[in-house]
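Per-entry structural report
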Amino acid sequence: MNQHAVILATASHDHTIRLWEAQTGRCYLDFDYYDPALVPPDALHVNMHVNRLEITPDRRRLVAACNPHILLFDLNSIDPHIPVRTFVSHTNNVVAVGFQYSGNMMYSGSEDGTVKIWDLRVRECQREFRNDSPVNTVVLHPNQTELISGDHNGNIRVWDLRANSCSCELVPEVGTPIRSLTVNLDGTMVVAANNRGTCYVWRSLREIQTMTEFEPLHKLQAHNGYILKCLLSPGNNRYLATASSDKTVKIWNVDNGFKLDKVLTGHQRWVWDCDFSVDGEYLVTASSDTTARLWSMRAGKEVKVYQGHRNATMCCTLRD
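Keep in mind it's a predicted model, so treat the numbers as computed, not measured.

Here strand S21 (residues 239-244) lies mainly inside the structure; six of its six residues are buried. What you see with S21 is no split at all: Tyr-239, Ala-241 and Ala-243 on one side and Leu-240, Thr-242 and Ser-244 on the other are buried throughout. As defined by bridge partners, strand S20 (residues 227-232) adjoins S21 across five bridges and the pair is classed as antiparallel. Each residue of the ladder has a partner; that of Lys-229, found in S21, is Ala-243. Two elements, S21 and strand S22 (residues 249-253), share five bridges in a ladder whose sense is antiparallel. What sits directly across from Tyr-239, in S22, is Asn-253.

This is the structure in structure tokens:
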């Protein structure tokens, strides 16, 4: 088990991944990432950057979704900067990655227009779903049997892992890219955010156990610019966080009809990513201003700034 009770990781266009002590802000590990599948060595960094970071459920490994491969790092290794596995199949930016609860199955989505299923114990792709436009976001439904994707043409699709087919499709705004998707822990609500700063909220019908049928619940004009990430808080699901190109993160009260609760200001450039603590009391954000920041939801204020990257900080992940 990793010695740190809280694992906070960030990745930047400076081609480094950093792990931080969440409370002190100290970077205790940083390394240049590279893809051993790309040769020659002098071309290792060409067009290769991390779009998404995730920590495996067992907290032992870190997965980086890159362009075009997926890298798996062992956080307990003597040389954690050397990928222990490279997943090669996508042909363009991998923009989404995540895991089933068991930790053995990984899913990914890419701008090559595919959603893929992987077994972490082997290198080869196990299954593939083909989309008709670049995929921007993918989330796993809590029932563990369905993936929901959003694409550049504005389509939201539910992929049934049991039937190996698309079981449902939604198009909230034709031609407006879906940038981010989030599902609450009991699977009763899904939120989609797009490039026009709008969030669409659906409720799953109570008698339906999957997300294959949706009931429109709310439309929220959250920002004037792009929404780059939307995320429902865990636990009591009180908050929806929206991170935007307008340099802010807005916090919306789910129980109060998505009323604006607070605006987190402090970042100087686009805010690309965010992640809640397990109790929903804290939020970490990543920005083009090279920093990541930790925010208190109660106070609505920043409590820690993580500085060290030399270029845009594009993604973050928190596991506590």
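So, about the state of the cysteines. Scanning all chains against the criterion turns up zero disulfides. With no disulfide partner, Cys-125 has as its closest neighbouring cysteine sulfur the one in Cys-66, 17 Å distant. Under the relative-accessibility criterion, Cys-125 is labelled partly exposed at 24%.

Glancing now at the nonpolar core. Across soluble globular proteins, nonpolar side chains show a tendency to be buried alongside one another. If you look at the biggest cluster of nonpolar residues, it comprises 19 residues, and the most contacted ones within it are Ile-17, Leu-19, Val-50, Leu-53, Leu-62, Ala-64 and Phe-73. Excluding anything up to four places from it in sequence, Ile-17 contacts Thr-10, Ala-11, Leu-29, Asp-30, Phe-31, Tyr-33, Val-50, Leu-53, Leu-62, Ala-64 and Phe-73.

Relative to the helices and strands, Val-97 is located in strand S8 (residues 94-99). The sequence separation of Val-97 and Cys-27 amounts to 70 residues, and the corresponding C-alpha distance is 24 Å. Filtering out sequence-adjacent residues up to four positions away, Val-97 remains in contact with Arg-52, Glu-54, Val-63, Ala-65, Met-106, Tyr-107 and Ser-108.

UniProt annotation of "repeat: WD" (unreviewed entry) refers to residues 1-30, 87-128, 128-169, 220-262 and 264-305 when read in the numbering used here. Taken end to end, residues 264-305 is 0% helix and 55% strand, and its two terminal C-alpha atoms sit 13 Å from one another.

Our next topic: the packing of aromatic side chains. Inspection of every chain in the model, using the stated rule, returns eight aromatic pairs. Ring geometry for Trp-202 against Phe-214: centres 5.9 Å apart, planes inclined by 65°, an arrangement best described as edge-to-face. Of this pair, Trp-202 sits in strand S18 (residues 198-204) while Phe-214 sits in strand S19 (residues 214-221), and the two are 12 residues apart along the sequence. Phe-214 matches Trp-202 in its accessibility class, with the two residues each being buried. Relative to Trp-270, the ring of Tyr-226 lies with its centre 5.7 Å away and its plane at 85°, an arrangement referred to as edge-to-face. Note that Tyr-226 is positioned in the loop between S19 and S20 and Trp-270 in the loop between strand S23 (259-264) and strand S24 (271-276), a separation of 44 residues in sequence. Take Tyr-226: its relative accessible area is 36%, and that puts it in the partly exposed class. What links up through ring pairs into an aromatic cluster is the set Tyr-200, Trp-202 and Phe-214.

Each value, and the rule that gives it
- Residues numbered from 1 in each chain as written.
- Predicted model: local features only at pLDDT ≥ 70, side-chain atom pairs only at ≥ 80, totals over all residues.
- Heavy atoms only, no water.
- Buried < 20%, exposed > 50% of the residue type's maximum accessible area, 1.4 Å probe, protein only.
- Helix = DSSP H or I, 4+ residues; strand = E, 2+ residues; numbered from the N terminus.
- Pairing = 2+ DSSP bridges.
- Disulfide = S-S within 2.5 Å.
- Core = buried A, V, L, I, M, F, W, Y, C linked by side-chain atoms within 4.5 Å.
- Contact = heavy atoms within 4.5 Å.
- UniProt positions renumbered as here; feature names shortened; annotations may be inferred.
- Phe/Tyr/Trp six-rings, centres within 6.5 Å; stacked < 30°, edge-to-face > 60°.

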